[in-house]
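Inside the fold
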Amino acid sequence: MLALSILLALLAALGNAGASVLQRRAAADVGSGPSPARGGWMAGLVHRRVWLWGAALLAVSGILQALALATGPLSIVQPVMSTELMFTLVVGSVVFHRSPDTATRWAFAAMAVGLAAFLALADPSGGRDTVPAADWLWTGAAVGLFVTLMIVVSLRLSSAPRAAVLGTATATGFSCTAALLKDALGRLPDGIGAVFTTWQPYAAMGVGLASFFLLQVTLRAGTLVASQPAMTLGDALLSVVLGVTLFAETVHLGWRVVFEVLALAILTAGCVHLARSPLVGEEPENGEGERKSKW
């Protein structure tokens, strides 16, 4: 079941990456045409077949992520989902017909090695399928307070630090959404009705929508290089914490901590460099040599 969960998480990450690239391609096509009337830009996207394929792929990846969470520990599924950044590089190089340079390939390898080493050393395992309501009460209060604090702090910061802080807040929301979804799916053995008669799936939708809105604010606050590492690594690490505290999953520490920190440092370095790649954060150059920002 663990191998199946990892495979599903990888496929979900690949789906997210493909959806991101396809929708970027549609946005570039719409943006390269005549200036649309107010409100016409979104309408132009919706009428693009490539954008619709991206939306459909995003829905499929959401289902795959849910299945991964239903079959594996939260502290494994969400870190594996961070491979979306690497898949975005691969898919982007195919769609935009642009090969990554040597430094970007090394960053790709660093992120892959760092993630694999961290998961191998931490070796998350075990855990329960559902979470007592009392545990959600204090977790919800702590998460809400933390996100609020991050938003307030961001108001006093300049562009890049603001994006990083808001990226951390966004990652917190998405990791909490995944935890709520896993808790809801843990009731599947009691029947599909047991899932939808509890509050968790509806809370997951609410927190997910709020996190998506916060994501838009984050992306407008600064560059992708500033926000992406915080979002990618924050979601992964916070999910490990929630897996341990909420689902009683086991993570090995002790003598391994030094090497786990080293693995995270390698993962962070790779993530930061990949976020700088035009195939991840920007559109390829157009015929006039200009480069359009993804956001």
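Below you will find a few notes about this structure. (Residues numbered from 1 in each chain as written. Predicted model: local features only at pLDDT ≥ 70, side-chain atom pairs only at ≥ 80, totals over all residues. Heavy atoms only, no water.)

What follows deals with helix H3 (residues 49-71). If you check H3, its first and last C-alpha atoms are 33 Å apart, about what 23 residues at 1.5 Å a residue would give, namely 33 Å. Taken together, the buried positions of H3 are occupied by Trp51, Gly54, Ser61, Leu64, Gln65, Ala66, Ala68 and Leu69. (Helix = DSSP H or I, 4+ residues; strand = E, 2+ residues; numbered from the N terminus. Expected span 1.5 Å × (residues − 1). Buried < 20%, exposed > 50% of the residue type's maximum accessible area, 1.4 Å probe, protein only.)

Counting 58 residues, the largest nonpolar core has Leu74, Met111, Trp136, Ala179, Leu246 and Leu274 as the members making the most contacts within it. Among residues more than four places away in sequence, those in contact with Ala179 are Leu74, Trp136, Leu242, Leu246 and Phe247. (Core = buried A, V, L, I, M, F, W, Y, C linked by side-chain atoms within 4.5 Å. Contact = heavy atoms within 4.5 Å.)

As a further point, take empty space enclosed by the protein. Summary: where empty space remains is shown by rolling a probe the size of a single water molecule over the atoms. What the rule picks out here adds up to 1 cavity of 30 Å³ or more. Roughly 30 Å³ of volume is contained in the largest cavity. What lines the largest cavity is Pro79, Leu115, Phe118, Ala236, Leu237, Val240, Leu264 and Leu267. Secondary-structure elements contributing two or more residues to the lining of the largest cavity are helix H6 (102-122), helix H11 (224-247) and helix H12 (257-276). Its residues assigned to classes, the lining of the largest cavity comprises 8 nonpolar, no polar and no charged. (1 Å grid on protein atoms, 1.4 Å probe; cavity = no way out; pocket = protein on both sides within 12 Å on 5 of 7 lines; lining within 4 Å. Points joined across faces, edges and corners; volume = space filled by probe spheres on them. Nonpolar A, V, L, I, M, F, W, Y, C, P; charged D, E, K, R; others polar.)

Below, the discussion takes up the packing of H11 against H12. Relative orientation of the contacting elements H11 and H12 amounts to 140 degrees, with a least axis distance of 8 Å. Seen along the crossing, H11 lies across H12 with a hand that is right-handed. Facing Leu224, Val225, Gln228, Pro229, Thr232, Leu233 and Leu237 of H11, the residues of H12 in contact are Leu264, Leu267, Thr268, Cys271, Val272, Ala275 and Arg276. Taken together, the residues of the contact of H11 with H12 sort by class into 10 nonpolar, 3 polar and 1 charged. (Axes fitted to C-alpha atoms, helices over the stretch in contact; angles between N-to-C directions. Left-handed = near helix turned anticlockwise from the far one by under 90°.)

Attention now goes to the environment of Gly270. Along the polypeptide, Gly270 turns up in helix H12. Overall, Gly270 belongs to the buried group, its relative accessible area being 1%. In the structure, Gly270 is positioned 162 residues away from Phe108 in sequence and 6.2 Å away in space, judged by C-alpha atoms. Setting aside chain neighbours within four positions, we find Gly270 in contact with Ala107, Ala110 and Met111.

For side chains of opposite charge, pairing can occur when their charged atoms come near one another. A complete count under the given rule lists 2 salt bridges for this structure. A salt bridge links Asp135 to Arg128; its shortest N-O distance comes to 2.7 Å. On the basis of relative accessibility, which here comes to 32%, the residue Arg128 falls in the partly exposed class. Measuring nitrogen to oxygen at the nearest pair gives 2.8 Å for the salt bridge that ties Arg187 to Asp183. Judged on exposure class, the residue Arg187 and its partner Asp183 are both buried. (Salt bridge = Lys/Arg side-chain N within 4 Å of Asp/Glu carboxyl O.)

Just geometry here; none of it tells us what the structure is for.
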